[in-house]
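# Examination of the molecular architecture
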Amino acid sequence: MTVVGTNVRRADGADKVRGTAIYGMDYTEPGHLTAKVLRSTVPAARIVELDTSKAESMPGVRAIATAADAPGLSGMFFVLKDQSLFARDVIRYVGEPLAAIAADTAEQADAALAAIDVVLDPLEPVLDVELSLAEGTRLIHPEWESYETAVPGPRDGNLAWEARIDRGDADAAFADAHLIVEDEFRTQRQHQTSIEPHAAVARYEHGRYVVHTPTQFPFNVRGRVAELLGARTSDVRVIVPTIGGGFGGKLDMMLEPFACILARKTGKPVRIVNTRSEEQATCGPRENAIVRLRTAVAADGTILAQEGRIIADNGANSSGETIACSNVASLVLGGTYRIPNARYVSQVAYTNTPPTAAFRGVNAPYCVYAQEMHFDHIARELDIDRRELRMRNLIRAGDEMVNGQVLEDAFLEEAMTTVERMRPWARPKSEKGTLRGIAVVPLTWITNPGPSGASVKMEEDGTATITCAAAEIGTGAVATGIRQIVADQLGLRFDDVQVSTADTDTGGYDHGAQGSRTTFGMGNAAQDAALKVRDQILDVAAGMLEASTTDLELVDGSVRVLGAPDKQLPLPAVVATAMFSQGPIVASGAFAAPPIPFDSGCMAGALFTSFTAATYHAHLAEVEVDPDTGKVTVSRYVVAQDVGRAINPQMIEGQIQGGVVQGVGYTLFENLRIGENGDVLDTGLETYRLPTANDAPPIDIAVLENPCPYGPLGAKGAAEPSIVPVAAVIACAVADAIDAPLKELPLTPFAVLRALNDKRAG
Amino acid sequence: MSYSFTVNEQSVEIESAGLTSLLSVLRDELGLLGAKLGCGEGRCGACTVLVDGAPAAACLYPVANADGSDVLTVEGLPQGSEQLTPVQDALLAHGGVQCGACIPGVVMTLTALLEQHAHPKDSDVRSALTGNICRCTGYQKIVDAALAAAETNGDPR
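Residues numbered from 1 in each chain as written. Chains lettered and ligands numbered in written order. Predicted model: local features only at pLDDT ≥ 70, side-chain atom pairs only at ≥ 80, totals over all residues. Heavy atoms only, no water.

## Examining the nonpolar core
Residues and elements named next belong to chain A. Among the nonpolar cores identified, the biggest contains 178 residues, and Tyr637 and Ile730 are the most heavily contacted of them. If you tally residues by element for this core, the top one is helix α17 (residues 726-738), at 12 residues. Every residue in contact with Ile730, bar those within four places of it in the chain, is listed here: Ala621, Val623, Val634, Tyr637, Val664, Thr667 and Leu668. One finds Ile466, Ile537, Val575 and Ala613 within the second-largest nonpolar core, a separate group that totals 47 residues. (Core = buried A, V, L, I, M, F, W, Y, C linked by side-chain atoms within 4.5 Å. Buried < 20%, exposed > 50% of the residue type's maximum accessible area, 1.4 Å probe, protein only. Helix = DSSP H or I, 4+ residues; strand = E, 2+ residues; numbered from the N terminus. Contact = heavy atoms within 4.5 Å.)

Shown next as structure tokens:
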């Protein structure tokens, strides 16, 4: 009986419910110092003087780090290297680090921070993306041309990055169109707000930095820290304690470099933990954006061509992955519907605001919101049913995405049909005091294709251990998924497979817990290693049982001869025999995503060029709107999601429910506002409102299995996508309820009332 | 000032300023790391402990107010046994745990709820949980777990 497809309990679960799991925020080392960071309180200025001499002599102060200690320039995923750890000559955002102090106590560190003298010469801040890109605006990075990039990307002054897709003949299609529809949409910043803030503890040992940090992507943190410090990559070791939530916010280094520098300077372990306000104010949120769409349609609603321009806010530098994922915006616009002629420009602009970064569903939820609201506009103009317009244009198996990638396994129609079975499409009736609306949205999404390495060894007791650097971010991909895959391959019980702690010194490279990739990428690598271990076991056992390896099977911790149940060997006996014949049983496995054919001539500046292991989704929402208060209630929600193969159905459901509720927050109230001084206004949970148990709608879920030929046992990414279409489907349902479009998020009661009043007035 | 109270049935004497938060006493002085400092302003509930059986946000709770009280943290459950409590067990059985940073607080809130309310409805559970933010699960499986744990209420496991 395989454990794949069953709802095994997570291996880290008992420690978590008992409160004994040690999170990054709990981790300490004996004799550690406490570090604090001095951060800029202005958005733009020249640094005239930074004098730490008074602070150095303050009680308890052990070391102070400044720009001189971190000579490197870097950028997220090493794409555009425009970030120094500390502001050097120029300050570019409120919250930018100026210095860091290690002291015996937090109070001493704070007191010393206050004693650092900073003299500044203010610059005019550029806080708005449109202003940033306007002719004549002050350059935020005057030296932008000198920055190193991983690939050549179109860049120009305050335009940090641009990704383009140009395919077919959009101009001709627009010239012949029955109708042309245009819209513009604006969306806000959304903060990940994991319960655990960023935290790091570093020590300097044998000339190397050893840092414990709750990161989603240990190898990225290792490389980024090394680059900023000017150290050799392998001289940084990253070890991952239990992670208290990430959602993209813990992909990048954040506090680790400060702890590392100060540990080297003091010779003592250094611990640094963000306060909640530091976390909200300086750890990159989902970017605010403007999306403009212009679409040519035929009389029957067939999309003939689409032009799109996305302007996303990079903030002050590229320490988040907004530029790295800029082309994802265009791919998601052109991945769900047949758009034969397209011209998308995805621009990322510098502003004097805190850098933006990855949040689950990178660069996508606002694009899908814009596309779907725009589709409703088209439906209204043509008087076509909204669901019908989508069904007419839906990508079917064998159709091309906008990048020319053929989606052989497209499953959108099945997802839409499944939702239709669960909740037949019918306009809910409004009544006095309650306006009701409905919407349904299909979606194609990506599984992150990054590489993975893993090894699997057999222990003397017949159990197996996976050694890898995959981070358990909470999804259960490590705590259940990859264990289930390896247990299945080796005929073991779930409890007989262990996984090492994520540690860059021991685990092979892994591309991080992002884009639903752990069960997929690490699952593939672990499966590859497990199959080699299986071969070694069978080789040794074949000799012992005097049977051919092809006649053997691995079941219940034993090797059995097929058809002769009495001829079997327990695994410990095989492992012991192997030890002194071929040597200990251990094998390494690797995964690299297969190349996907696409039209390479149609894109520029694209780091993501295609959708690996594409998944297919449909979401339906029904909402109620109170016409007097503007309050929106999501009364019903339905999800059909293709996961390839469900390794652990319960964990998948949990990802869907969690993603939808994060999306509800994004749609209805989460808004990390930037003030007139370029500072984050919502630095606490008092004003940055998160969804509570009462905000979570009832969600009906259908998990669809449409296997991926290169996924482990057919699995595709399952964790990320559920957030992506939520804003779209809820906003379209609200627009349906109030019979007026909504062109900005979030849909607070005030915004909904305003839209209702505008409609009444006009 | 000196304050005496019990934590997980052990007597403690704490020398501290009265406004020191109970959470910092638990974490920094007593080494009980189960309750988490999520927000420090009583909004997220990751620091929830029981004071005389009632849930309290330990990050805002002055240690002076605990004087003479019985404080129960997640480490006090289940007392002296390897077994999980019905709430802890149900959270795992129903997949209610992801990153788990909120879970010590959730466990305490639900433990208090089931003490007060042997057979709560879905809406009772959600109301009780409004002070506990979970950023991962979307709450449904936590609610499912609470309702299932209530089913076992009063029954020996």
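From this point on, the discussion continues.
## Quick look at the state of the cysteines
What the rule picks out here adds up to zero disulfides over all chains. The cysteine Cys602 of chain A is free of any disulfide, with Cys367 of chain A supplying the nearest cysteine sulfur at 17 Å. In this structure Cys602 of chain A comes out as buried when scored by relative accessible area, which is 5%. There is no disulfide at Cys136 of chain B, and the cysteine sulfur nearest it, in Cys99 of chain B, is 3.8 Å away. Looking at Cys136 of chain B, the relative accessible area reads 5%, which means it is buried. (Disulfide = S-S within 2.5 Å.)

## Brief notes about the pattern of salt bridges
All names here are of chain A. The full count for this structure, using the stated rule, is 61 salt bridges over all chains. With its nearest N and O atoms 2.8 Å apart, the salt bridge here joins Asp505 to Arg208. Placement of the pair is Asp505 in the loop between β21 (497-499) and α14 (517-545) and Arg208 in strand β10 (residues 208-212), with a sequence separation of 297 residues. On the basis of relative accessible area, Arg208 is assigned to the partly exposed category, the value being 22%. Here Glu372 and Arg390 are joined by a salt bridge, their closest N and O atoms 2.6 Å apart. With Glu372 in helix α10 (residues 365-382) and Arg390 in helix α11 (residues 386-393), this pair connects stretches of sequence that are 18 residues apart. The class for Glu372 is buried, based on a relative accessible area of 2%. (Salt bridge = Lys/Arg side-chain N within 4 Å of Asp/Glu carboxyl O.)

## Side note on the packing of aromatic side chains
Residues and elements named next belong to chain A. Scanning the model with the defined rule gives 10 aromatic pairs over all chains in all. Ring plane angle 65° and centroid distance 6.0 Å describe the contact between Trp445 and Phe611, whose orientation is recorded as edge-to-face. Linking Trp445 in strand β18 (residues 435-445) with Phe611 in the loop between β26 (603-604) and β27 (615-625), this pair joins segments that are 166 residues apart in sequence. Each member of the pair Trp445 and Phe611 is classed as buried. A connected cluster of aromatic rings, assembled from ring pairs, spans Phe77, Phe217, Phe219 and Tyr509. Above the plane of the ring of Phe359 lies Arg286, whose end atom (NZ or CZ) is 4.5 Å from the centre. (Phe/Tyr/Trp six-rings, centres within 6.5 Å; stacked < 30°, edge-to-face > 60°. Lys NZ or Arg CZ within 6 Å of the ring centre and 35° of its normal.)

## Focus on α17 of chain A
Since the α-helix advances by 3.6 residues per turn, residues separated by three or four positions end up pointing in the same direction. Relative to the 18 Å expected for 13 residues at 1.5 Å per residue, α17 of chain A spans 18 Å between its end C-alpha atoms, a close match to the ideal helical length. Burial analysis of α17 of chain A places 13 of its 13 residues in the buried class, the great majority of the element. (Expected span 1.5 Å × (residues − 1).)

## Brief notes about the side chain of Gln83 of chain A
By secondary structure assignment, the location of Gln83 of chain A is in the loop between β3 (61-65) and β4 (90-91). Judged by its relative accessible area of 7%, Gln83 of chain A falls in the buried class.

## Considering helix α6 (residues 218-229) of chain A
Residues and elements named next belong to chain A. With 12 residues, α6 extends 16 Å from end C-alpha to end C-alpha; this agrees with the ideal 16 Å at 1.5 Å per step. Among the 12 residues in α6, 11 count as buried, and that is most of the element. Packing partners of the buried residues in α6 comprise β10, β11 (236-239) and α7 (256-266). Downstream of α6 by a residue or two, Gly230 has a phi angle that is positive, lying close to 70°.

## Re the sheet that holds strand β6 (residues 117-122) of chain A
Strand pairing in a sheet relies on backbone hydrogen bonds, with the paired strands running either antiparallel or parallel. Residues and elements named next belong to chain A. With antiparallel pairing, three strands are arranged side by side in an open sheet as β4-β2-β6. Every interior strand has two partners, whereas the edge strands, β4 and β6, have only one. Bridging between strand β2 (residues 45-51) and β4 involves two bridges; their strand directions are antiparallel. What sits directly across from Ala45, in β4, is Ile91. (Pairing = 2+ DSSP bridges.)

## Focus: the domain arrangement of chain A
All names here are of chain A. Domain parsing of chain A yields domain 1 (33-123 + 198-273), domain 2 (289-448 + 598-761) and domain 3 (450-591). A C-alpha centroid distance of 36 Å is found between domain 1 and domain 2. Counting residues at the interface gives 19 residues for domain 1, matched by 22 residues for domain 2. Buried area between domain 1 and domain 2, both sides added, is near 1600 Å², and the carbon and sulfur share of it is 60%. Taken together, domain 1 and domain 2 are joined by zero salt bridges. Summed over the shared surface of domain 1 and domain 2, the result is seven residue pairs in polar contact (both at pLDDT 80 or more). Taken together, the residues that form the side of domain 1 that touches domain 2 break down as 10 nonpolar, five polar and four charged. (Domains from an automatic or database assignment. Buried area = accessible area lost by both parts, 1.4 Å probe. Polar contact = N/O pair within 3.5 Å; in protein donor to acceptor, adjacent residues only side chain to side chain. Nonpolar A, V, L, I, M, F, W, Y, C, P; charged D, E, K, R; others polar.)

## Points about the pairing of strand β12 (residues 270-273) of chain A
Residues and elements named next belong to chain A. By the bridge criterion, two bridges tie strand β1 (residues 33-39) to β12 in an arrangement that is parallel. By the bridge assignment, Leu33 is partnered in β12 with Val270. Relative to β12, strand β9 (residues 199-205) runs antiparallel, the two sharing four bridges. Within β12, the position partnered with Ala202 by the bridge is Val270.

## Points about the domain arrangement of chain B
Interface size is commonly expressed as the accessible area that is lost once the parts come together. Residues and elements named next belong to chain B. Per the domain assignment, the segments making up chain B are domain 1 (2-76) and domain 2 (86-151). The C-alpha centroid of domain 2 is placed 21 Å from the C-alpha centroid of domain 1. Seen at the junction of domain 1 and domain 2, the total is zero salt bridges. If you look at where domain 1 meets domain 2, you find four residue pairs in polar contact (both at pLDDT 80 or more). With three residues, the single largest contributor to the side of domain 1 that touches domain 2 is strand β3 (residues 48-51). In terms of residue class, the side of domain 1 that touches domain 2 is made up of seven nonpolar, five polar and two charged.

## Description of the interface of chain B and chain A
Listed per partner, the contact involves 46 residues of chain B and 47 residues of chain A. A buried area of about 3700 Å², summed over both sides, lies between chain B and chain A, and 55% of it is on carbon and sulfur atoms. The tally of links between chain B and chain A comes to six salt bridges. Note that Asp26 of chain A is salt-bridged to Lys36 of chain B, the shortest N-O span being 2.6 Å. Linking chain B to chain A there are 26 residue pairs in polar contact (both at pLDDT 80 or more). In terms of residue count, the dominant contributor to the side of chain B that touches chain A is helix α3 (residues 86-93) of chain B (five residues).

## Focus on the sheet that holds strand β23 (residues 558-561) of chain A
All names here are of chain A. Pairing is antiparallel in the open sheet, where three strands are placed in the order β22-β23-β24. Pairing within the sheet leaves two strands with one partner each, and these edge strands are β22 (552-555) and β24 (564-570). If you compare each strand with its neighbour and ignore which way they point, the axes differ by 35° on average. Bridging between β23 and β24 involves four bridges; their strand directions are antiparallel. Each bridged residue has a counterpart across the sheet, and for Arg560 the counterpart in β24 is Gln568. In the packing of helix α15 (residues 571-579) onto the sheet, the strands contacted are β22, β23 and β24, and the crossing angle to β24 comes to about 55°. (Axes fitted to C-alpha atoms, helices over the stretch in contact; angles between N-to-C directions.)

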